Amino acid sequence: MKADPGQIEQVIMNLVVNARDAMPQGGNLTIETSNAHLDEGFAKSHPEVHPGHYVLLTVSDTGCGMDQATLARIFEPFFTTKGPGQGTGLGLATVYGIIKQSGGFIYVESEPGRGTTFKIFLPQVKSIVTPRKSHLGISKSPGGNETVLLVEDESAVRILIRTTLKMKGYEVLEAAHGEEALRVAERHPRPIHLLIADVVMPHMSGRELADRLGPLRLEMKVLYLSGYTDDAVVRQGLSHGDVEFLQKPFTPDVLTRKVREVLDQIALD
């Protein structure tokens, strides 16, 4: 198949994190790949599908499952069954967008108490494809050795960012919300060169966090992240003219280039 490796990693991590949350008492998580052929009969009952050969990625869990009302909405942006402050509802919407962008299809099967299975079909490539040598597709993007404080309440996104930045040589401090970030920054004895913070988080926004840390960390630059619309970002007190901002979803390569761009401004100020 032909797809961005960083985006496929993001898809898998989103689905795995959801599976983990659906199995608080433990269970089985299964990730499988196989070849699949979708024929004319299947295409007739699924209008969005083109008959042909596909790579099938299946992610299954033995968790709590979902009812039909929830299944009908799981790919809607900002829809979540989690409690306040526990999720943005962007994870599966991001998964859906990546799969459609890659020319594929995603289906879900689930019943309450019987677990959930996601099936992702991506078109097979007929010609020979040379895989990228780099993990996550970030070999050409610049790295560094600065210290980054990462504050992101969605665990799948936080894991992806942390993994990406550590691979590029950065020291990464992380927190799931603003109060935790303040404690992490207070305990860290050395400079923090960059704060990466989600704009919209429970209890304390990214901007509020930056305002509280700024006077204590004068050397620190700030990069905001958000999956919300531009209007929502503006309502949080940000504008593209006076802050550095990265719209979700993004690839690891885009992230590392933006981080390097923001950090390099330190030498110019």
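Structure first, text after, so check above.
Here is what the cut-offs are and how they apply
Residues numbered from 1 in each chain as written. Predicted model: local features only at pLDDT ≥ 70, side-chain atom pairs only at ≥ 80, totals over all residues. Heavy atoms only, no water. Phe/Tyr/Trp six-rings, centres within 6.5 Å; stacked < 30°, edge-to-face > 60°. Helix = DSSP H or I, 4+ residues; strand = E, 2+ residues; numbered from the N terminus. Pairing = 2+ DSSP bridges. Axes fitted to C-alpha atoms, helices over the stretch in contact; angles between N-to-C directions. Contact = heavy atoms within 4.5 Å. Core = buried A, V, L, I, M, F, W, Y, C linked by side-chain atoms within 4.5 Å. Buried < 20%, exposed > 50% of the residue type's maximum accessible area, 1.4 Å probe, protein only. 1 Å grid on protein atoms, 1.4 Å probe; cavity = no way out; pocket = protein on both sides within 12 Å on 5 of 7 lines; lining within 4 Å. Points joined across faces, edges and corners; volume = space filled by probe spheres on them. Nonpolar A, V, L, I, M, F, W, Y, C, P; charged D, E, K, R; others polar. Salt bridge = Lys/Arg side-chain N within 4 Å of Asp/Glu carboxyl O. Arc of directions from axis to C-beta.

K.L.:
Go over the packing of aromatic side chains with me, naming the residues and quoting the values.
P.N.:
By the definition in use, this model includes six aromatic pairs. Seen from their ring centres, F75 and Y96 are 5.3 Å apart, and the 35 degrees between their planes marks the pair as tilted. A residue pair is termed long-range when its members are at least 10 positions apart, and F75 in the loop between α3 (68-71) and α4 (91-101) and Y96 in helix α4 qualify at 21 residues. Through successive ring pairs, a cluster of aromatic residues spans F42, Y54, F105, Y107 and F121.

K.L.:
Outline the sheet that holds strand β4 (residues 116-123), listing residues and values.
P.N.:
Adjacent strands of a sheet pair through backbone hydrogen bonds, lying either parallel or antiparallel. In spatial order, the strands read β1-β2-β4-β3; together these four strands make up an open sheet with antiparallel pairing. Of all the strands in the sheet, the pair left with one neighbour each is β1 (29-38) and β3 (105-110). Averaged over all neighbouring strand pairs, the angle between strand axes comes to 20 degrees, with direction disregarded. Against the sheet, α4 contacts β3 and β4, and its axis sits at roughly 140 degrees relative to β3.

K.L.:
Describe the sheet that holds strand β5 (residues 147-151), with residues and values.
P.N.:
Read across the open sheet, the five strands follow the order β6-β5-β7-β8-β9; overall the sheet is parallel. The outermost strands of the open sheet, each flanked by one partner alone, are β6 (171-175) and β9 (244-247). In this sheet, adjacent strand axes meet at a mean angle of 20 degrees when their direction is disregarded. Pairing of strand β8 (residues 221-226) with β9, which is carried by four bridges, proceeds in the parallel orientation. In the sheet register, S226 faces β9, and the bridge partner there is Q247.

K.L.:
Kindly report on the nonpolar core, identifying the contributing residues and their values.
P.N.:
Core analysis: the biggest nonpolar cluster contains 22 residues, and L149, V151, L195, L209, L213 and Y224 have the highest contact counts within it. For this core, the elements supplying multiple residues, two or more each, are β5, β6, α6 (178-187), β7 (194-198), α7 (206-213) and β8. What L213 contacts, discounting residues up to four positions off in sequence, is L149, L182, A185, L195 and M220.

K.L.:
So what about empty space enclosed by the protein? Which residues, and what values?
P.N.:
Counted according to the given criterion, the structure contains one cavity of 30 Å³ or more. Quantified by volume, the largest cavity comes out at close to 30 Å³. Forming the walls of the largest cavity are Q10, V157, L160, I161, K248, P249 and F250. Take the lining of the largest cavity: its biggest share by element is three residues, from helix α5 (residues 155-167). A class-by-class count of the residues in the lining of the largest cavity yields five nonpolar, one polar and one charged.

K.L.:
Which residues make up the pattern of salt bridges, and what values do they have?
P.N.:
Counted according to the given criterion, the structure contains 14 salt bridges. For R190, the salt bridge identified is with E171, shortest N-O distance 3.2 Å. In this pair, R190 sits in the loop between α6 and β7 while E171 sits in strand β6, placing the two residues 19 residues apart along the sequence. On the basis of relative accessible area, R190 is assigned to the partly exposed category, the value being 43%. Classification of E171 by relative accessible area gives partly exposed; the value is 29%. Here the salt bridges do not stand alone but share partners, grouping E146, R260 and D264 into one network.

K.L.:
For the side chain of T58, give the residues involved together with the corresponding values.
P.N.:
With respect to the secondary-structure elements, T58 resides in strand β2 (residues 52-61). With residues up to four places along the chain from it excluded, the contact list for T58 reads T30, I31, E32, T117, F118 and K119.

K.L.:
Describe α7, and please don't skip the residues or the numbers.
P.N.:
Residues of α7 that are buried include every one of G206, L209, A210 and L213, and no others. Along α7, the residues classed as buried sweep out an arc of 100 degrees about the axis, all on the same side. Looking at the buried side of α7, the elements it contacts are β5, α6, β7 and β8.

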